Amino acid sequence: MNDAPMPARYDFATAEPRWQQAWDAQECFKVPDVPDGSRPKYYVLEMFPYPSGKIHMGHVRNYTLGDVVARYKRARGHQVLHPMGWDAFGLPAENAARERGVHPAAWTYQNIATMRAELKRMGLSLEWDREFATCDPSYYGHQQKLFLDFLQAGLVERKESWVNWDPVDHTVLANEQVIDGRGWRSGAPVEKKKLSQWFFSITKYAPELLSALETLDRWPERVKLMQANWIGRSEGARVRFALERPVAEIGEVEVFTTRPDTLFGMSFLAVAAEHPLAAAAAEGNPEIAAFIAEVRALGTSEAAIEQAEKRGIDTGLRVRHPFTGETHPVWIANFVLMEYGTGAIFGCPSGDQRDLDFARKYGLPVPPVILPPGEDPSAFAIGRTAYTDDGVLYNSGFLDGLSTEAGKRAAIDALEAKGQGKGIVNWRLRDWGVSRQRYWGCPIPVIHCEACGVVPVPAEQLPVTLPEDVDFSKPGNPLDHHPGWKNVPCPRCGAAARRETDTFDTFVDSSWYFARFTAPKAGTPLVREAANGWLPVDQYIGGIEHAILHLLYSRFFTRALHGMGHIDTPEPFAGLFTQGMVQHASYRTQDGRWLAPDEVEVAADGGATDKATGLAVTVSRNDKMSKSKRNTIDPGAIIDHYGADTARWFILSDNPPDRDMEWTEAGVSGASRFTQRLWRLVSGAADSLPPPGAVPAEGAARSLRRATHRTIQAVTEALESFSFNVAVARIHEFANAIEQAAAEDGAARREALEAVARLISPMMPHLAEELWSMLRPGAGLVATLPWLEAEEALTRADSLTLAVQVLGKLRGTIEVPVGTDEATIFAQAEAEENVQRAIAGRPIRKRIHVPGRIVNFVV
Ligand code: ANZ
Ligand code: ZN
């Protein structure tokens, strides 16, 4: 007998690192670069993190979800690729350099070290050998190589485009970085400027990117819809309007419309502020010039334009209508975007709300042309609301009487016959501008030569690495004012030339990392067999904030790589799951200060007081965790205090993973108690159980065995369907069932406890190993075991409830096992106390049995 005292509690602090080492030592999560075909492959990937400095609860949720999938699929017999890396370029590192004088590389790699250690503490089943950071020259050098391939394939272009220019920071701003017309950092009024920039020709793939959405049957509908809207296919026409009098050699204006049927409802023509006709009209007209300058100061984002008040100015120019020959005024309007269609529209106020608002504001005519179904043409009038639905055309010359659809076709036919327009498909998607005037990004590998023009850096000279000695004290791009870096000889003619100083948008880095993970150390960007063996990613998991750009750019890259013959798959992500956010209550004092959770005392009713002052604070629930509200919870501190399994269990338990969840102290401590409870359940029984493999006696402890197998079945279904909170709930119920089960059959109890250890293993992998090692000392790791299969016979309903009647009156019910013979059923029914009383000693004349339903005694 072993008299060593058992510890009274599960000591996660020593157990978790111990199991992590055991997994490492046995290389449980390692897979070959080329799947060997012995088992089906499964590639699980979570969106890789930006190394901001610390992991946050959003990471914990994301990586826990991925780890559950990875561990479960591994147990189901798949060869699972589950890598991790760092999306490591980007502006924050440069800001840190400017603000704190720390070099972006040092800052980034320090953050990576911290975050890697934190992630490792979570016990994720990652293959760390595949780790890379996108700022490693060994990654971005290959990206430069791919860029040369794209260039060769005609998928890259250098062209002029309008950008938001911050005149103080000397940098291009993304639309999101323009706030109320000002640079988000400098606060300076933003200018629109034309710059030569590098573009990936994503628009060439627009039709495929749209139509292939249909093949993504394991993507959320919502994400597919967002992508479809972003790509934005619309059918319509281009219509050319002749100017009554040409200006600055411009004789006509072309508009794009999706409603050529409404041409007879035209009231005005409007162009964007950046349109050449606007510039021509501004010549010698300070009022127009001032208006254009004002519109340019507004952000270019559609949202900004949508919100801004509709404003315009009459240029005094007029255009001739292609059908009526009448003339209409040409306006410059702030709601017309230069980047969409042709940068010009014809305004039909009766059929378009924006046009109507505009027409009403400036007193322009509103001729109605579409008659809604059931309306009387003599009575129908447009008030404050445009009629944008289908109807019958009227006041429309040769289109009169046609439906909207027929009218569109007839108008296009007529325009084409006159040579004044044609039917086209227009796409909202723009080419992807990837030039950034920044240091901390992947250098674009081209050289500008006076004589030769743009010359790609020869592949053997890659990688073009970033210089280390850079000066962040001046505004603008440090690569630009570096004394030597950009001065290089032209690779073609040898003359003095200049390196491109733009670096790539960091979305480029994240557009192919999932492919690089399949052969992260290779000397070429990709290795065919590895990429083809593992791709597409079977399950991609990340935040909805990446529903559009990151996923679209990755899809484009993959299609382009496919088109160039690098890989076989055209789509990167076969399955996509978007997780909800982690929220936390926030606390605010009456004088408006935010308090951190540890600065308040929360009462049982949810009310809270400031620990320092004792005064009541305002609690608001379901706030996104944010530094500004001081309601973030540090995962590191949680792991210190409760262990990784508790954090994982709680984060999985609260809500379905695609919904937002609220982090609460009560929730996490409840999860912690549950880990202790499971540990006690097993440690208390381990010594008294029969040896492993003991067969439960036939019929004995049937309800416990049924609970075991039904739980196996339910947890399996829940894990298959991403209902991880349901899996957690079933295991809670199972723990109750085990605790309440009669103690008679040790083998059934062992079976139940072993099932607990194995069923929790995707969610609480450390505790699973700990329990398993108590139940089966020396029997190896749960991480290497196959998933449990439920025994069908034990998951089926195996008893029936029968109503028992005496002379047709219900007197009780009995429960019998399926397949019980009739004599036993009658005997059991007759023995019921209530039934005995109703029979009252009278002889039974007839016994009736309706199988599965009723037993009736006639006395
Ligand atoms: C005339 C018209 C009449 C229009 C009507 C609509 C309703 P989607 O579907 O998004 O492609 N438009 C075209 N180019 C524009 C630009 N650069 N900036 C702002 N608006 C522009 O939208 C196409 C419609 O948006 C076009 O059809 C045009 O207005 C407007 F009863 O033309 B429509
Ligand atoms: Zn040259």
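Residues numbered from 1 in each chain as written. Chains lettered and ligands numbered in written order. Predicted model: local features only at pLDDT ≥ 70, side-chain atom pairs only at ≥ 80, totals over all residues. Heavy atoms only, no water.

1. With respect to helix α1 (residues 12-25)
Along an α-helix, a turn takes 3.6 residues, which lines up residues three or four apart on a common side.
Here comes step 1: For α1, built from 14 residues, the straight-helix expectation of 20 Å at 1.5 Å per residue is met to within 8% by its first-to-last C-alpha distance of 19 Å.
Here comes step 2: Looking at α1, one finds that the buried residues are Phe12, Ala15, Glu16, Trp19, Gln20, Ala22 and Trp23. The arc that holds every buried residue of α1, seen down its axis, measures 160°, which confines them to one face. Away from its buried face by more than 90 degrees, α1 exposes Gln21, Asp24 and Ala25.
Here comes step 3: Buried-residue contacts for α1 involve α2 (57-75), α4 (104-121), α17 (635-642), α18 (644-653) and α23 (765-775).
Here comes step 4: Glutamate 27, located one to two residues past α1, shows a positive phi value of around 50°. (Helix = DSSP H or I, 4+ residues; strand = E, 2+ residues; numbered from the N terminus. Expected span 1.5 Å × (residues − 1). Buried < 20%, exposed > 50% of the residue type's maximum accessible area, 1.4 Å probe, protein only. Arc of directions from axis to C-beta. Contact = heavy atoms within 4.5 Å.)

2. Side note on the site of ligand 1
Here comes step 1: The immediate surroundings of ligand 1 are formed by 17 residues, with Ser234, Thr257, Thr258, Leu337 and Tyr340 found nearest.
Here comes step 2: Residue leucine 337 places a main-chain N or O atom 2.7 Å away from a nitrogen atom belonging to ligand 1.
Here comes step 3: In the environment of ligand 1, an oxygen atom lies 2.4 Å from a nitrogen or oxygen atom belonging to the side chain of tyrosine 340.
Here comes step 4: Coverage of ligand 1 by the protein amounts to 83% of the 650 Å² it exposes when considered alone.
Here comes step 5: Those elements that provide at least two residues to the shell around ligand 1 are β9 (250-257) and β13 (344-347). (Near = heavy atom within 4 Å. Polar contact = N/O pair within 3.5 Å; in protein donor to acceptor, adjacent residues only side chain to side chain. Areas by Shrake-Rupley, 256 points an atom, 1.4 Å probe, with all protein chains shown as cover.)

3. Re the sheet that holds strand β3 (residues 156-166)
Here comes step 1: Pairing within the open sheet is antiparallel, and its four strands lie in the order β4-β3-β7-β17. Across the chains shown, the open sheet's two edge strands, defined by having one partner strand only, are β4 (171-173) and β17 (432-433).
Here comes step 2: Two elements, β3 and strand β7 (residues 191-200), share ten bridges in a ladder whose sense is antiparallel. What sits directly across from serine 161, in β7, is leucine 195. (Pairing = 2+ DSSP bridges.)

4. Things to note about the sheet that holds strand β24 (residues 539-543)
Here comes step 1: Read across the sheet, four strands follow the order β2-β1-β24-β25 without closing on themselves; strand pairing throughout is parallel. Lying at the two open borders of the sheet, with one neighbouring strand each, are β2 (79-81) and β25 (576-579). With direction set aside, neighbouring strand axes in the sheet form an average angle of 20°. (Axes fitted to C-alpha atoms, helices over the stretch in contact; angles between N-to-C directions.)

5. Thoughts on the nonpolar core
Here comes step 1: Phe200, Phe556, Trp663, Leu678, Ile760 and Leu771 are the most contacted members of the largest nonpolar core, which has 173 residues in total.
Here comes step 2: It is α2 that provides the largest number of residues to this core, a total of nine residues.
Here comes step 3: Counting residues in hydrophobic clusters, the runner-up holds 58 residues, among them Leu317, Val366, Val369 and Ala386. (Core = buried A, V, L, I, M, F, W, Y, C linked by side-chain atoms within 4.5 Å.)

6. With respect to the side chain of asparagine 95
Here comes step 1: Following the sequence through the fold, asparagine 95 ends up in helix α3 (residues 91-100).
Here comes step 2: Residue contacts for asparagine 95: discarding those within four places in its chain leaves Trp184 and Arg185.

7. Re the coordination of the zinc ion (ligand 2)
Here comes step 1: Taken together, the protein donors to the zinc ion (ligand 2) comprise Cys449 (SG), Cys452 (SG), Cys490 (SG) and Cys493 (SG), at separations of 2.2 to 2.4 Å.
Here comes step 2: Note that the zinc ion (ligand 2) binds four donor atoms; their angles at the metal cover 104 to 115°, and the shape is tetrahedral.
Here comes step 3: Judged by relative accessible area, which is 4%, cysteine 490 ranks as buried. (Donors = N, O, S within 2.8 Å, 3.2 Å for Na, K, Ca; no water. Tetrahedral: all angles 85-135°; square planar, octahedral: opposite > 155°, others 65-115°.)

8. What to know about the pattern of salt bridges
Here comes step 1: Per the stated rule, a full pass over the model turns up 45 salt bridges.
Here comes step 2: When the shortest N-O distance is used, the salt bridge between glutamate 405 and lysine 408 registers 3.6 Å. Pair noted here: glutamate 405 and lysine 408 are both in helix α12 (residues 404-418), with a separation of three residues, about one helical turn.
Here comes step 3: A relative accessible area of 44% places glutamate 405 in the partly exposed class. (Salt bridge = Lys/Arg side-chain N within 4 Å of Asp/Glu carboxyl O.)

9. Comments concerning the UniProt feature "short sequence motif: 'HIGH' region" (unreviewed entry) in the protein
Here comes step 1: When the UniProt feature table is mapped onto this chain, "short sequence motif: 'HIGH' region" (unreviewed entry) is found at residues 49-59.
Here comes step 2: For residues 49-59, the end-to-end C-alpha separation is 8 Å, with 27% helix and 0% strand making up the annotated structure. (UniProt positions renumbered as here; feature names shortened; annotations may be inferred.)

10. Some details on the packing of aromatic side chains
Here comes step 1: Tallied over the entire structure, the rule returns 45 aromatic pairs.
Here comes step 2: On the numbers, 6.4 Å between centres and 80° between planes, the contact of tryptophan 432 with phenylalanine 556 is edge-to-face. One end of the pair, tryptophan 432, is in strand β17; the other, phenylalanine 556, is in helix α16 (residues 549-563), with 124 residues separating them in the sequence. Just as tryptophan 432 is buried, phenylalanine 556 falls in that class too.
Here comes step 3: Among the aromatic residues, ring-to-ring pairing joins Phe147, Phe150, Trp198, Phe200, Tyr205, Trp432, Phe504, Phe507, Tyr553, Phe556 and Phe557 into one connected group.
Here comes step 4: Above the face of the tryptophan 485 ring, arginine 499 is positioned so that its terminal group lies 5.4 Å from the ring centre. (Phe/Tyr/Trp six-rings, centres within 6.5 Å; stacked < 30°, edge-to-face > 60°. Lys NZ or Arg CZ within 6 Å of the ring centre and 35° of its normal.)

11. Side note on the environment of leucine 678
Here comes step 1: For leucine 678, the location among the structural elements is in helix α19 (residues 665-685).
Here comes step 2: Exposure remark for leucine 678: the relative accessible area of 1% places this residue in the buried category.
Here comes step 3: As a C-alpha pair, leucine 678 and glycine 563 span 115 residues in sequence and 53 Å in three-dimensional space.
Here comes step 4: Apart from the residues lying within four places of it in its own chain, the contact partners of leucine 678 are Ala735, Val756, Ile760, Met764, Leu767 and Leu771.

12. Overview of unusual backbone geometry
Here comes step 1: For the bond from leucine 462 to proline 463, the omega torsion is 0°, close enough to zero to count as cis.
Here comes step 2: Along the polypeptide, proline 463 turns up in the loop between β20 (453-456) and β21 (487-489).
Here comes step 3: Following leucine 535, the chain continues into proline 536 via a peptide bond in cis, with omega recorded as 0°.
Here comes step 4: Within the secondary structure, proline 536 is located in the loop between α15 (528-534) and β24.
Here comes step 5: Phi is positive for glutamate 27, which is not a glycine, with a value near 50°.

13. With respect to the packing of α3 against α4
Here comes step 1: Remark: α3 packs on α4, axes separated minimally by 8 Å, with the N-to-C direction vectors making an angle of 120°. Looking at the two axes, α3 sits oblique to α4. Viewed along their axes, α3 and α4 form a crossing whose handedness is right-handed. Taking contact as the criterion, the partners of Pro92, Ala93, Glu94, Ala96, Ala97 and Arg100 in α3 are, on α4, Pro104, Trp107 and Thr108.
Here comes step 2: Looking at side-chain class alone, the contact of α3 with α4 contains six nonpolar, one polar and two charged residues. (Parallel < 35°, antiparallel > 145°, perpendicular 65-115°, else oblique. Left-handed = near helix turned anticlockwise from the far one by under 90°. Nonpolar A, V, L, I, M, F, W, Y, C, P; charged D, E, K, R; others polar.)

14. Re the pairing of strand β35 (residues 854-858)
Here comes step 1: As defined by bridge partners, strand β32 (residues 799-806) adjoins β35 across four bridges and the pair is classed as parallel. Looking across to β35, one finds that glutamine 805 is bridged to asparagine 856.
Here comes step 2: Across five bridges, strand β34 (residues 846-850) lies against β35 in antiparallel orientation. When the bridges of β35 are listed, arginine 847 appears paired with phenylalanine 857.
Here comes step 3: Once β34 ends, the chain turns through three residues before running back antiparallel as β35, passing glycine 852 with a positive phi of about 80°.

15. Comments concerning empty space enclosed by the protein
Leftover empty space is mapped by rolling, across the atoms, a probe with the size of a water molecule.
Here comes step 1: Within this structure, the stated rule accounts for three cavities of 30 Å³ or more.
Here comes step 2: In terms of lining, the largest cavity is formed by 17 residues, of which the most central are Arg71, Ala75, Ser761, Val782 and Ala783.
Here comes step 3: Counting only elements with at least two residues in the lining of the largest cavity, the list comes to α2 and α23.
Here comes step 4: In the lining of the largest cavity, the residues fall into twelve nonpolar, one polar and four charged. (1 Å grid on protein atoms, 1.4 Å probe; cavity = no way out; pocket = protein on both sides within 12 Å on 5 of 7 lines; lining within 4 Å. Points joined across faces, edges and corners; volume = space filled by probe spheres on them.)

16. Quick notes on the pairing of strand β19 (residues 446-449)
Here comes step 1: Judged by which residues are buried, β19 turns out to be covered on both faces: Val446 and His448 on one side and Ile447 and Cys449 on the other are all buried.
Here comes step 2: Judged from the four bridges that link them, β19 and β20 form a sheet pairing that is antiparallel. Directly across from cysteine 449, in β20, lies its bridge partner glycine 453.
Here comes step 3: Turn length for the β19-β20 hairpin, with the two strands adjacent in sequence and antiparallel, is three residues.

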